[in-house]
Amino acid sequence: MNRPSARSIGPITGRRSVIAGVAVAVVLAVLTGCGSGAADTGHQGSRGLSIVASTDVYGDLAEVVAGHHADVTSIIDDPGVDPHAYEASTRDLLSVSRADIIIVNGGGYDPFMQTLRDGADDPDAEVLDVVSISGKRARAGGELNEHVWYDFATVARLTDRLRDALVGRDPSHAADYRANAGRLIGQLAALEARARQIGAAHRGASAVVTEPVPAYLLDAVGLKDRTPDAFAEAVEAGEAASPAVLADTLALFTDDPVDVVVSNAQTTDDQTRQIADAAHTHGIPVVSVTETLPEGESYVTWMRANLDALAHALDGRARHPAVSGR
């Protein structure tokens with residue numbers, strides 16, 4: 001799979017792997033070599049509490065809620081890295097071993113975090129599993145869509161849980177944590193309102209997605225996902241769809257065509273490029289999205305940009321429908 005830099009995106013996974021190259025014996029030696037200073041300070045970082053998140057999506061949210069009262073480490077903070085295939089390091093394990101609060105996506109998305117937690121063997125750390133917090137379940141006969149950070153209600157629940165965890169660990173700054181969380185929840189509500197506004201302006205619009213990464217965002221807007229299940233499952237598994245399945249997908253650009261294609265900029269292959277090329281040929285806009293933060297963005301500005309990109313694409317499609325379409 002080619003994995004282009006997300007810096008080329010217009011402001012929304014892939015492969016399953018297990019951690020490689022983390023030798024517990026080596027890590028234990030590293031931890032022991034840290035000396036009595038590490039033991040004396042416990043989990044306290046230079047700012048107080050220590051939070052470790054599997055990706056910078058959750059790291060950014062943690063920084064917003066914790067403010068300057070915690071050190072936040074994001075294990076994956078490079079938009080060119082596929083979290084499914086990430087191989088953790090001894091440095092990552094050291095960070096996890098010192099964490100007061102650990103944020104994992106769960107649902108099979110970031111399995112390296114479980115390995116790190118097992119290696120750290122720290123019963124005192126509070127673990128926030130976002131898939132568990134979301135309460136989402138797999139579809140009947142299908143798999144759970146683990147990309148829950150695209151669901152604003154889930155992020156609001158995580159914000160509440162993170163606030164409570166911080167207050168429990170550091171009650172002296174409870175007022176700050178509550179205020180920060182309240183502002184973030186207000187911003188999430190604004191994103192939900194923007195999604196509803198877009199949906200109201202484009203009732204009945206539909207989409208093809210090259211992967212289920214942005215599915216919850218499309219749900220918030222009210223777009224109908226017409227991607228053939230077999231195509232989505234093949235891409236998610238890192239496999240090529242059959243010629244018949246690919247043909248069914250391409251037909252969605254000519255026979256009663258969809259309104260937009262949403263493509264994951266971080267995982268592409270020949271078939272997803274073929275999908276994007278066919279969409280362009282038939283005048284159907286393509287919106288590129290990512291699963292980690294683009295450089296220089298916060299969670300809120302990133303999601304606002306994703307919504308704006310969808311709105312722009314749908315507005316253009318409504319003004320200039322494809323000749324082969326309606």
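**Student:** Please explain the overall build of the protein chain as it appears in this structure.
**Tutor:** From N to C terminus, the protein chain includes 13 helices and eight strands. Buried residues in the protein chain amount to 51% of all 326 residues. Working note: accessible area of the protein chain is about 14,000 Å², and carbon and sulfur atoms make up 50% of it.

**Student:** Mind showing me how you'd approach the sheet that holds strand β1 (residues 49-55) here?
**Tutor:** Each strand in a sheet pairs with another by means of backbone hydrogen bonds, the pair being arranged parallel or else antiparallel. Within the open sheet, the four strands sit side by side as β2-β1-β3-β4. Their pairing is parallel. Each end of this open sheet is capped by a strand with a single partner; those strands are β2 (70-76) and β4 (126-129). The sheet shows a mean angle of 15° between the axes of neighbouring strands, direction not considered. Here β1 pairs with strand β3 (residues 101-104) via three bridges, running parallel. Its bridge partner lying in β3, Val52 is registered against Ile102.

**Student:** Sorry if this is basic, but what is going on with unusual backbone geometry here?
**Tutor:** Peptide bonds are trans in most cases, and residues, glycine excluded, mostly fall at negative phi. A positive phi angle, close to 50°, is found at Asp256, a residue other than glycine. With respect to the helices and strands, the residue Asp256 is situated in the loop between α11 (243-250) and β7 (260-264).

**Student:** What should I look at first to understand the layout of surface pockets in this one?
**Tutor:** Take a probe with the size of a water molecule and roll it over the atoms, and the empty space left behind shows itself. Its boundaries defined by the atoms lining it, the largest pocket holds a volume of some 630 Å³. Arg139, Glu143, Asn145, Pro212 and Ala232 are, among the 25 residues lining the largest pocket, the residues nearest its centre. When residues of the lining of the largest pocket are traced back to their parent elements, those giving at least two are α9 (215-221) and α10 (229-236). For the lining of the largest pocket, the class distribution of residues is nine nonpolar, five polar and eleven charged.

Scoring rules and cut-offs
- Residues numbered from 1 in each chain as written.
- Predicted model: local features only at pLDDT ≥ 70, side-chain atom pairs only at ≥ 80, totals over all residues.
- Heavy atoms only, no water.
- Helix = DSSP H or I, 4+ residues; strand = E, 2+ residues; numbered from the N terminus.
- Buried < 20%, exposed > 50% of the residue type's maximum accessible area, 1.4 Å probe, protein only.
- Areas by Shrake-Rupley, 256 points an atom, 1.4 Å probe, with all protein chains shown as cover.
- Pairing = 2+ DSSP bridges.
- Axes fitted to C-alpha atoms, helices over the stretch in contact; angles between N-to-C directions.
- 1 Å grid on protein atoms, 1.4 Å probe; cavity = no way out; pocket = protein on both sides within 12 Å on 5 of 7 lines; lining within 4 Å.
- Points joined across faces, edges and corners; volume = space filled by probe spheres on them.
- Nonpolar A, V, L, I, M, F, W, Y, C, P; charged D, E, K, R; others polar.

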